[in-house]
Structure formats: C-alpha cells, structure tokens
Amino acid sequence: PDAATRRGYAPFALLETTPEDPRMNRVPRILWTVATAKRRGRVAPGEVAVLPLRVLPNDIDFAWHMNNGVYFTMADLGRIDLAIRSGWGLAQVRKRVAPVVMQETMTFRSSLTPLQAYELHTVIAGWDRVSVYFEQRFVVDGQVSAQALVRMRFLQRGKGVDTDRLWPMLGI
C-alpha cells in the first residue's frame, strides 16, 4: 500500500467499503448509499427497496443497543435508496423538488445490538392530496425489529407540490 493508505487515508477508500465498516458514520453512509444504489438493482413503483445495513459502534447508546434517533437517520437512508433505485431521485434533483418529513412514528419490537446486521425495507405505503406515506421496516432474520411510518411533503421553490402534480413531475 502507498503512504496515504498506510496512514489510514485513501481518497476513494470510502467507495471500497461497506456500510458494515466501523469507519462509517452518517455522512459517509449517505455517500455510500448513493454511490452503491444501482448495484442493488432497480425498484419499480410499489416495490420494496431492501438496504442491507449493520449497527456500528457509533450507533449505540448507553443501553448497549441502537439509539432511537439513529433509527430515523437510517430510515432517511432507506428513502434515499428507494428514490435512486426507482429512478425518481434524479428527477427530484432536476426539478428541484425537495422531500420534507412532516410526521414520523416508530414502533420498536426488539433491540438492534452492536455489529448486528439488518435489512431496511422501504416502500411507498400510499398518498393523499398533499402527502406521501412511506412504510419502513428494520428486519433481522425475517423478523421485524422496528417499523416506521413517515409522512412526507414534497416542496418546489418552498411551496408544496400536490401529489397529482408530483407523480408526473417525477415520472411515476
């Protein structure tokens, strides 16, 4: 290895890691999710996007399980992954449409422990005139550990975009 790699720094080393790598934190996880989304395959509207993750040491709290707030951060990753893999993430950027969380609720069934692998399942659960609802499940060995319902509004130039305009705008 070269000197930079021996010192623990390599310019593109982040793209060679996985989300299980203990060096990862939230910003690098977002970059990793974006950079590797296409490898996980395309997701059609209505299909579930599955994102493999692992509980990292910086995710845990003093109770020795994943901190409650981290679940919401990981849920963000799941929605980013779904947007990219479904193709409408690029349309969001081109049309300058920003998703904003209006409401989130999480139900916890069992703890995620340090270094435990899990899958984050994300799907559009439905919508009304102004909101899009996402269902997200944290799954370990086929069992749901936690479940989130997220209500989002999409904004363009600071104003809400109703879903009847949003779907054609994003190509869905």
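The preceding data block contains the structure.
Bear in mind that the values here come from a model prediction, so they are computed numbers and not experimental data.

Caption draft 1: Up close: the packing of aromatic side chains. Tallied over the entire structure, the rule returns five aromatic pairs. Seen in terms of ring centroids, Trp-88 and Phe-154 are 6.4 Å apart; in terms of plane orientation they differ by 70°. Their pairing is edge-to-face. Here the residue Trp-88 occupies a position in helix α4 (residues 88-95), and Phe-154 occupies one in strand β5 (residues 143-156), the gap between them amounting to 66 residues. Here the aromatic cluster, defined as three or more aromatic residues joined through ring pairs, consists of Tyr-71, Phe-108, Tyr-118 and Phe-138.

Caption draft 2: Focus on helix α2 (residues 26-36). By the burial criterion, the buried members of α2 are Pro-28, Arg-29, Trp-32, Thr-33 and Thr-36. Projected down its long axis, α2 carries its buried residues within an arc of 140°, all on one side. Tucked into the core, α2 has its buried residues touching β1 (49-54) and α3 (68-86).

Caption draft 3: Expanded view of the environment of Ala-75. Looking at where Ala-75 falls in the secondary structure, it is placed in helix α3. The spacing of Ala-75 and Gln-147 is 72 residues in sequence and 9.7 Å in space, taken between C-alpha atoms. Leaving out residues up to four positions away in the same chain, Ala-75 has contacts with Leu-120, Gln-136 and Phe-138.

Caption draft 4: Up close: the layout of surface pockets. By volume, the largest pocket is sized at about 350 Å³. Taken together, 18 residues make up the lining of the largest pocket; nearest its centre are Arg-79, Ile-80, Ala-83, Gly-89 and Gln-92. Only α3, α4, β2 (97-108) and β5 provide two or more residues apiece to the lining of the largest pocket. Residue composition of the lining of the largest pocket, grouped by class: twelve nonpolar, three polar and three charged.

Caption draft 5: How the structure looks around helix α5 (residues 163-170). What α5 keeps buried is the set Thr-163, Leu-166, Trp-167, Met-169 and Leu-170. Considered in projection along α5, the buried side chains sweep an arc of 165° and stay on one side of the axis. With respect to the buried face of α5, the exposed residues turned more than 90 degrees away are Asp-164 and Pro-168. With its phi angle positive at about 75°, Gly-171 sits one or two positions after the end of α5.

Caption draft 6: Examining the packing of α3 against α4 more closely. Contact geometry for α3 and α4: axes closest at 4 Å, N-to-C directions at 95°. Relative to α4, the element α3 lies roughly perpendicular. Contacts between α3 and α4 involve Leu-82, Ala-83, Ile-84 and Ser-86 from the first element and Trp-88, Gly-89 and Gln-92 from the second.

Caption draft 7: Broad picture of empty space enclosed by the protein. In this structure the tally under the stated criterion is one cavity of 30 Å³ or more. The wall of the largest cavity is formed by Val-43, Ala-44, Pro-45, Gly-46, Glu-47, Leu-82, Ser-86, Trp-88 and Ile-124. A class-by-class count of the residues in the lining of the largest cavity yields six nonpolar, two polar and one charged.

Rules used in this analysis
Residues numbered from 1 in each chain as written. Predicted model: local features only at pLDDT ≥ 70, side-chain atom pairs only at ≥ 80, totals over all residues. Heavy atoms only, no water. Phe/Tyr/Trp six-rings, centres within 6.5 Å; stacked < 30°, edge-to-face > 60°. Helix = DSSP H or I, 4+ residues; strand = E, 2+ residues; numbered from the N terminus. Buried < 20%, exposed > 50% of the residue type's maximum accessible area, 1.4 Å probe, protein only. Arc of directions from axis to C-beta. Contact = heavy atoms within 4.5 Å. 1 Å grid on protein atoms, 1.4 Å probe; cavity = no way out; pocket = protein on both sides within 12 Å on 5 of 7 lines; lining within 4 Å. Points joined across faces, edges and corners; volume = space filled by probe spheres on them. Nonpolar A, V, L, I, M, F, W, Y, C, P; charged D, E, K, R; others polar. Axes fitted to C-alpha atoms, helices over the stretch in contact; angles between N-to-C directions. Parallel < 35°, antiparallel > 145°, perpendicular 65-115°, else oblique.

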